[in-house]
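# Structural features, examined
Each chain, written out:
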Amino acid sequence: MTRGAPQRFAVLLAALLGASACSRGDSANADGSAGTTTESATGDATGGGAPTTGTGSDTGEPEAPASVPGPMLRRLTASEFTHSMHDLLGPVKLGAVEADSLQDGFFAVGASRVALSPAGVAQYEQAIGDATAEAFADPARVAQILHCVPAQATDVTCIRDALATFGRRAWRRPLTGVELERHVGIAGAVADETGDVVVGLRHAVWALLQAPYFLYRVELGLPSPEDDGRLKFTSYEMASRLAFTLWNTLPDEALLDAAEADLLADGPGVTEQALRMLADPRARQGVHNFVAELYGLWALGEKVKDDTLYPQWTPTLKAVMRDELLARVEDVVFDQPGDFFSLYDGQKVFVNNELAAIYGLDPVEPDVFRAAVLPADSPRRGLIGSALMLAMNSLPARTSPTERGQFIAESLLCRTVPPPPPNVDTNLDDGVMENDGPQTMREKLEPHRADPACAGCHDITDPLGLALEHFDTIGRFRATDQGLTIDAGGDLDGQPFSDAGELALLLRQHPVVGACLVRKLYTYAGGRLPLSREADTLAEIEDELALSGNRFDRLLISLVTHDDFRFAHPAGTVVASEGDKP
Amino acid sequence: MSRPIPRRTVLRGMLAGVAVALPLPRLAGMLDGNGTAYADGTPLLPRYLTWFFGNGIDPAQWVPAAVGQGAAWSVSPSLVPLADYKAWLSVLSGYEVKIPALYAHKSAPAAVLTGAQAAMNGDVTAPSIDQKIADLVNKDTAFPSGIHVGISNVTGAGALDFNISFSGPNAPNPPNYSPAALFATLLGLSGAQEPDPALFRRKNILDAVAEEAKALQGRLGAEDRMRLDRHLEGIGELQTQIDATIASADCGVPIDPDVAYPDRGEDGSISIARCQAFADLLAFAFSCELTRVASFVFSCAACHAPYTEAGLGTVTFHEDFGHRLSPMGIDYATNGFHTGVAYAMTGLAELLKRFRDTPDGAGNLLDNAVIYTTSCVAQPWDHRMDDFPLLVIGKGGGLLRGDLHHRAAGDNASKVPFSLLKLFGSQEPSFGVTEGLVSDTIPELLA
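Source: prediction; values computed, not measured. (Residues numbered from 1 in each chain as written. Chains lettered and ligands numbered in written order. Predicted model: local features only at pLDDT ≥ 70, side-chain atom pairs only at ≥ 80, totals over all residues. Heavy atoms only, no water.)

This next bit is on unusual backbone geometry. With an omega of -5°, the peptide bond running from Glu 365 of chain A to Pro 366 of chain A counts as cis. Within the element layout of this structure, Pro 366 of chain A appears in the loop between α17 (353-359) and β7 (370-373). In the Ramachandran plot, Asn 550 of chain A falls in the positive-phi region, its phi being about 60° despite a non-glycine side chain. On the accessibility criterion, Asn 550 of chain A (19% relative accessible area) is buried. Here Asn 170 of chain B, not a glycine, exhibits a phi torsion of approximately 55°, which is positive. Note on Asn 170 of chain B: relative accessible area 15%, which makes it buried. (Helix = DSSP H or I, 4+ residues; strand = E, 2+ residues; numbered from the N terminus. Buried < 20%, exposed > 50% of the residue type's maximum accessible area, 1.4 Å probe, protein only.)

As structure tokens, then:
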């Protein structure tokens, strides 16, 4: 995303308005009085359509004083909701819930900005109602879900125990007395009406799972005078933050027990739990989800290819392409574990026979999903050579050097590709179709890059994407394009490469990949773009990444143990410049 | 389709102390002698629907050759599928989206739906026209923010996500892609089933959820409070629907899409049968006044889905035909694009057919509807913003003239939604902002 003038104005406006918020205190009261202040600090920016989160700090422009957004509610993403429901109820069928919204490249960011529609509330009610009905129909399952299963409605102690325990897990904190009694009341009333205490408990669980404390991540922090007025996340809130960041689901009982003992209020306590959590299989689920969001794997499902030209493009091929990408990441992050950036130039792949055919590897019998190594002289290296990336960033009938280049520029190098200028055709090879005779993609694109109106974006994307022209729209190697010789050479910031393999080697060595990965992870974990004032934090985490030999598991530890993961600033705090961080 | 006069003719009831609007089909027998108001004098309200299709039109095929009213004009090649409904059709040509296309595939749809520029992240900066109309005429129905359905769930370069209805920034009303799910909801509200005691339990649970949401409100900043307010609105709507179910009147039974269209294709795929299924359900919901506002997304802005059923293969309609990049050549691509636009209009015609065939008041639903049809671009292969596709269909309860081709070359496209907003009684003196701002309507539209 780029910074536009309106957004700079909005940031300035928010900063000016935020000044009063700062001097008048920020904690909103139940009567809403202080909240009015907050509203003026942020509401106008929203009204103007600009996000109130800070803008990217990667453009080198001087920063206006920034108004810090306070902690935000985050609706559980579809993935977090699914994992949480399965953790609580076991394997149940889940109906559709309102789709995630992609903002700043992440569902995690959309989840902290976009409001649920009225129809979305009804969808939750339906999906949770059906799931609880399914789970509670099986007495054996009920015994697993509930800490205590009462035999009759008069066993209030057991009902209370069941709901207190379930409620703590679902809401990631203990229920207050009022909250517990409210749900005990629902269970009792329905038990009386139906004559079945388990049906009563199912309804209480249905209520607990529709509550905002389940459907949203409520991590608001408490004012901490000894920490320079910052908001400190409570131990329970830290349990939630750790679990959703590292596992993509809610905390387990051990993590909540640690929170109950207030062991997550300091760095060492968080480190101990984080190390335990990374050794748990759920950590793979957490990394999967980050990678899926980072690389936009959601788009694979709707990717179509011209089936007259590419009959190989089957649902099973798409599925194995996705499996392969995740297997590559798991291998580097957990199984070796090794340098994350070996993903950028490595030649270890994972295939079944269908994918092996795309990679030009021999089939094996029996056909199993397996590791394989590409020939050292193959130009296919790293993520940019994976079938998934090549196919996802292509059009149905042909490659798209622009899309492929945009993937490299934005996802790996955190470069900003500006939006197309007004009223121009974004498809640069229009018109060329009318020419006679085949042309390589480079030939088609280069005249357009001569147009200054287009060169702004295409000088960023096309030279990188053209390096991948030896791979067709479903990712197979091709020596020529329509019989024409492919020139895959170019340069990356002055470093020449002759083909995709050399570009992959340059990408791994590129000085910004570490900072870029940190920035992406920070955005994903925080549900917003990093603020300019957080540049020091990003730099510190990046240093730790380098010291660890670029280990992603260590990066996760650095992130979740960092002060900025444990503290937030109250909304509206004005930060005039860098370096004033407490 | 005709339906007996409902046995119960009571319009309002009380349930547990809550006033409940009962869904009843609006038939002549319930109306005053002129068919212009209910017997108790409550005026009839027209229904509003936004019908959106992605990827634009070819003005050379879309714009009718002659202007004028009635016999003076004939439908254009792209509009042939709508010929049976010409009496209700107003083609507005020559209008231009004045808001600059800062964000490809986002600015123009935001402009024609909201009158304002899109946000950089692909969101809107103002509420959409359907929500402004819902505020005027829909608050007493079971779906105060309307019913929102969609055919294709394939994205278009992140353009406004999949949405065409927005209560405001960061507050979309995403389409429901499942006719079966909408059928189940409407069936419950139709009065065709015995009220289930479980309904009261659901209401009690929602009361508890609302208590918790209200308790949380006090701890939140302004933006989160607005988000949670919207969640509370949703809880309120659901409770209204449950009330309506409990007290429901006999409004007939909606057509079950699993019976009528078993081979309609997966939710999210494009087929005419899916258009038919939703058309049935929307006609039912409008007829019973379960809602007076709806939106229908055939395909989203710059939609990347294939139009396979139209014979256009498995390639993306956007690339191969919208941008005419088909490897089969430019003539094939151009013809294919025309086929695709007509295909979309065939999907629209299914809705018009059911509205026309559904009795409503003294006439039919199409007489009492206002259907605003538009897209994300004019001519797509050069992203033109002039001669934007803008149709108004229906007679708006007698307020709209119909059978019209009105051309106003270079005029501001915002005038169309503003005219419709005024039609529904808005007192607002203008619509839109900056280049999208207008304070004039289109008098030629009116009867």
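With that settled, consider the pattern of salt bridges. Counted by the stated rule, this structure contains 49 salt bridges over all chains. One salt bridge connects Glu 253 of chain A with Arg 168 of chain A, and the closest N-O pair in it is separated by 2.7 Å. You can see Glu 253 of chain A sitting in helix α12 (residues 253-260) and its partner Arg 168 of chain A sitting in helix α7 (residues 156-171), a full 85 residues away along the chain. Here Arg 168 of chain A falls in the buried class, since its relative accessible area comes to 10%. Ionic pairing is found between Asp 387 of chain B and Arg 407 of chain B, a salt bridge with its closest N-O pair at 3.1 Å. Remark: Arg 407 of chain B occurs in strand β14 (residues 404-407) and Asp 387 of chain B occurs in the loop between β12 (369-374) and β13 (390-393); sequence separation between them is 20 residues. Arg 407 of chain B gets classed as partly exposed once you look at its relative accessible area, which sits at 36%. Three or more residues joined by partner-sharing salt bridges are found here, namely Glu 80, Arg 217, Glu 219 and Arg 241 of chain A. (Salt bridge = Lys/Arg side-chain N within 4 Å of Asp/Glu carboxyl O.)

Residue and element names in this part refer to chain B. With respect to topology, eight strands assemble into an open sheet ordered β4-β14-β5-β13-β12-β3-β9-β6, the strand pairing being mixed. Each having just a single partner strand, β4 (68-69) and β6 (147-150) make up the two edges of the open sheet. In the sheet, β4 pairs with β14 via two bridges, with the strands oriented antiparallel. Following the sheet pairing, Gly 68 is matched in β14 by His 405. Seen against the sheet, helix α2 (residues 107-114) touches β3 (47-52), β12 and β13 and runs at an angle of roughly 170° to β3. (Pairing = 2+ DSSP bridges. Contact = heavy atoms within 4.5 Å. Axes fitted to C-alpha atoms, helices over the stretch in contact; angles between N-to-C directions.)

All names here are of chain A. If you walk through the whole model with that rule in mind, you get two disulfides over all chains. A sulfur-sulfur separation of 1.9 Å characterises the disulfide bridge that pairs Cys 148 with Cys 158. Linking Cys 148 and Cys 158, the disulfide has an S-S dihedral of approximately -120° and is accordingly described as left-handed. Within this pair, whereas Cys 148 is found in the loop between α6 (139-145) and α7, its partner Cys 158 is found in helix α7, the two being separated by ten residues in sequence. Here Cys 414 is linked by a disulfide to Cys 516, with a sulfur-sulfur distance of 2.2 Å. (Disulfide = S-S within 2.5 Å.)

Turning to the pairing of β6 of chain B, a few remarks are in order. Residue and element names in this part refer to chain B. The alternating pattern of β6 places Ile 147 and Val 149 and His 148 and Gly 150 on opposite faces, both of which are buried. Judged from the four bridges that link them, β6 and strand β9 (residues 293-297) form a sheet pairing that is parallel. In the strand pairing of β9, Gly 150 is matched with Val 297.

Let us now look at the pairing of β3 of chain B. Residue and element names in this part refer to chain B. Within β3, six of the six residues are buried, which leaves the element mostly enclosed by the surrounding structure. Of the two faces of β3, the one lined by Arg 47, Leu 49 and Trp 51 and the one lined by Tyr 48, Thr 50 and Phe 52 are each fully buried. Sheet topology note: the β3/β12 ladder contains six bridges and is parallel. Its bridge partner lying in β12, Thr 50 is registered against Tyr 372. Direction of pairing for β3 relative to β9: parallel, over a ladder of five bridges. Within the sheet, the bridge partner assigned to Trp 51 lies in β9 and is Phe 296.

This brings us to the sheet that holds strand β12 (residues 567-568) of chain A. Residue and element names in this part refer to chain A. Spatially, three strands are ordered β4-β5-β12 in an open sheet, and the strand pairing comes out antiparallel. Both outer strands of the open sheet, β4 (222-223) and β12, are each paired with one neighbouring strand and no more. By the bridge criterion, two bridges tie β4 to strand β5 (residues 231-232) in an arrangement that is antiparallel. The partner of Pro 223 across the bridge, within β5, is Leu 231.

Residues Leu 49, Trp 51, Phe 298, Met 345, Phe 355 and Leu 391 of chain B are the most contacted members of the largest nonpolar core, which totals 109 residues. With sequence-adjacent residues up to four places away left out, Trp 51 of chain B is seen in contact with Phe 296, Phe 298, Ala 344, Met 345, Gly 347, Leu 348, Leu 351, Ile 371, Tyr 372, Thr 373 and Thr 374 of chain B. (Core = buried A, V, L, I, M, F, W, Y, C linked by side-chain atoms within 4.5 Å.)

Moving on: the packing of α7 of chain A against helix α9 (residues 197-210) of chain A. Residue and element names in this part refer to chain A. For the pair α7 and α9, the least separation of the axes is 10 Å and the interaxial angle reads 25°. Here α9 runs roughly parallel to α7, going by the angle between their axes. You can see that α7 and α9 cross each other, and the crossing is right-handed. Taken together, the residues of α9 that come into contact with α7 (itself represented by Ile 159, Ala 162, Leu 163, Phe 166, Gly 167, Ala 170 and Trp 171) are Val 197, Leu 201, Ala 204, Val 205, Leu 208 and Leu 209. Considering only residue class, the contact of α7 with α9 consists of twelve nonpolar, one polar and no charged. (Parallel < 35°, antiparallel > 145°, perpendicular 65-115°, else oblique. Left-handed = near helix turned anticlockwise from the far one by under 90°. Nonpolar A, V, L, I, M, F, W, Y, C, P; charged D, E, K, R; others polar.)

In this section: the side chain of Thr 114 of chain B. All names here are of chain B. In this fold, Thr 114 is placed in helix α2. Since its relative accessible area comes to 4%, Thr 114 is described here as buried. Polar contacts involving the side chain of Thr 114 include one to the main-chain carbonyl oxygen of Ala 110, which spans 2.6 Å. A distance of 3.1 Å separates the side chain of Thr 114 from the backbone nitrogen of Ala 116, its partner in a polar contact. Among all residues touching Thr 114, those that are not within four sequence positions of it are Val 124, Ala 126, Pro 127, Ser 128, Phe 431 and Gly 432. (Polar contact = N/O pair within 3.5 Å; in protein donor to acceptor, adjacent residues only side chain to side chain.)

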